Amino acid sequence: MKTYRIAVIGGDGIGPEVTREAMKILRRAALSSGQLDFEFTELPWGCTYFLKTGRMMPEDGLLQLCGFDAILLGAVGDPRVPDNVSLHGLLLAIRRGFDQYVNLRPITLLRGAQTPLRNARREDINMTFVRENSEGEYAGVGGRMYAGRPEEFAMQTGVFSRRGTERIIRYAFELARRRGQSVTSISKGNALNHSMVFWDEVFRGVAAQYPDVAAHSMLVDAAAMMMVTHPERFEVVVASNLFGDILTDLGAAIAGGIGLAAGANLNPERLYPSMFEPIHGSAPDIAGQGIANPMAAIWSASQILDFFGHEDLGAGVLRAMEQVLCEQKTLTPDLGGSASTAQVGDAVAAALDAILH
Ligand code: NAD
Ligand code: IPM
Ligand code: MN
């Protein structure tokens, strides 16, 4: 029996509340299947740790994480610490440090989940975002000068390398080919005349190597509109770091809400551990009340199972979530219910038991 070692960084706000339920589901999947086991190591890193130590994680944090098979992350961010400090000190440091260059975000309307789009059919909302996760607008290159003076300026440069652009686009085409789907590239080549013109060139070059995969390119502003008016248009979508960030929050909204959306930060070569997380933040407005929706974190648990090759179990977790969504008896307030975080976790676990037995 294979035992997977998972580092759990609950983080801040609702992070620890939702990762607890994701662990519950992974334990249950392991127990029911009898094929695998999980060993969790909880690491108390985040903003509370920062307020005590001046660091978001220990100096050798990445080295400690290196020994694990995967990382389960809750959320990072606390009103007492500037967001750029907390995110660059932990989440972004891990994504970049472990070359997790693929941010895989499924935008699928689960059975039982409600879309705010009046005319969309359930099967219309089924896309997979492949977000570049290591460079682009998030490269952190730039600076500020002449603080406080009239001539003060800030400069932030996007970094689009050939290697970085090509590998993310290639990943999208490989995924689309396996699934028999199309690829849509998100661009802004009309205005960003250096970076996005380069992105488009690389896209065309890679697309030419996949003549069997339908390839489309769409400007990001039009894509935002089309996701609302014609979501069925999108299958595999490849986007730069910032465009992918923004469009996947929109995607979460059309697929039932931010409480349902998950994302995997993958190092496809498996040289480093990959990291799995809900795409929502620490939600300080509802933290500590036990009412956060754990479904997004549970979906990331399903992605962990997929990543380790247990796709049957990963699919089982999604079916269990759908069952709880369809029954509409045990839902958190964001989905119109009055259940607690733990009650939803228990309901999904019970549904999973029934599915796997
Ligand atoms: P947020 O996702 O934390 O919250 C946005 C809104 O959605 C809030 O009203 C919140 O209550 C609600 N919400 C989010 N997750 C929910 C859940 N699971 N169940 C029910 N409701 C939920 O985004 P924000 O308010 O922009 O950011 C708050 C903090 O989180 C900031 O510090 C930000 O930098 C950080 N952040 C972290 C991550 C991450 O760690 N991956 C992602 C986004 C934002
Ligand atoms: C996300 C988040 C992060 C991002 C923030 C918190 C840095 O919004 O994972 O979508 O922009 O990548
Ligand atoms: Mn985001």
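What you see is a predicted model, and the numbers here were worked out from it, not measured in a lab.

Once that is clear, we can look at the sheet that holds strand S4 (residues 102–108). With mixed pairing, ten strands are arranged side by side in an open sheet as S2-S1-S3-S12-S11-S4-S5-S10-S8-S9. A strand with exactly one partner marks an edge of an open sheet, and here the two such strands are strand S2 (36–42) and strand S9 (215–219). Taking the axes of each pair of neighbouring strands and ignoring which way they run, one obtains an average angle of 25° across the sheet. Where strand S3 (residues 70–75) and strand S12 (residues 274–278) come together, three bridges link them in parallel fashion. Note that in S12 the partner of leucine 72 across the bridge is phenylalanine 276. Packed onto the sheet, helix H8 (residues 220–229) meets strand S5 (126–132), strand S8 (183–187) and S9 and runs at close to 100° relative to S9.

Attention shifts here to the site of ligand 1. For ligand 1, the set of nearby residues contains 20 residues, the closest of which are Val76, Asp83, Gly281, Ala283 and Asp285. One nitrogen or oxygen atom from the main chain of valine 76 is found 2.8 Å from an oxygen atom belonging to ligand 1. One nitrogen or oxygen atom from the side chain of aspartate 83 is found 2.6 Å from an oxygen atom belonging to ligand 1. For ligand 1, the accessible surface in isolation is 810 Å², of which the surrounding protein chains cover 70%. Each residue belonging to the shell around ligand 1 can be placed in one class, and the counts come to eleven nonpolar, five polar and four charged.

For tyrosine 146, which is not glycine, the phi torsion reads 60° and is therefore positive. Here tyrosine 146 is to be found in the loop between strand S6 (136–145) and strand S7 (153–159). Despite not being glycine, arginine 270 has its phi angle at roughly 60°, a positive value. The topology assignment puts arginine 270 in the loop between strand S11 (262–266) and S12.

Rules used in this analysis
Residues numbered from 1 in each chain as written. Chains lettered and ligands numbered in written order. Predicted model: local features only at pLDDT ≥ 70, side-chain atom pairs only at ≥ 80, totals over all residues. Heavy atoms only, no water. Pairing = 2+ DSSP bridges. Helix = DSSP H or I, 4+ residues; strand = E, 2+ residues; numbered from the N terminus. Axes fitted to C-alpha atoms, helices over the stretch in contact; angles between N-to-C directions. Contact = heavy atoms within 4.5 Å. Near = heavy atom within 4 Å. Polar contact = N/O pair within 3.5 Å; in protein donor to acceptor, adjacent residues only side chain to side chain. Areas by Shrake-Rupley, 256 points an atom, 1.4 Å probe, with all protein chains shown as cover. Nonpolar A, V, L, I, M, F, W, Y, C, P; charged D, E, K, R; others polar.

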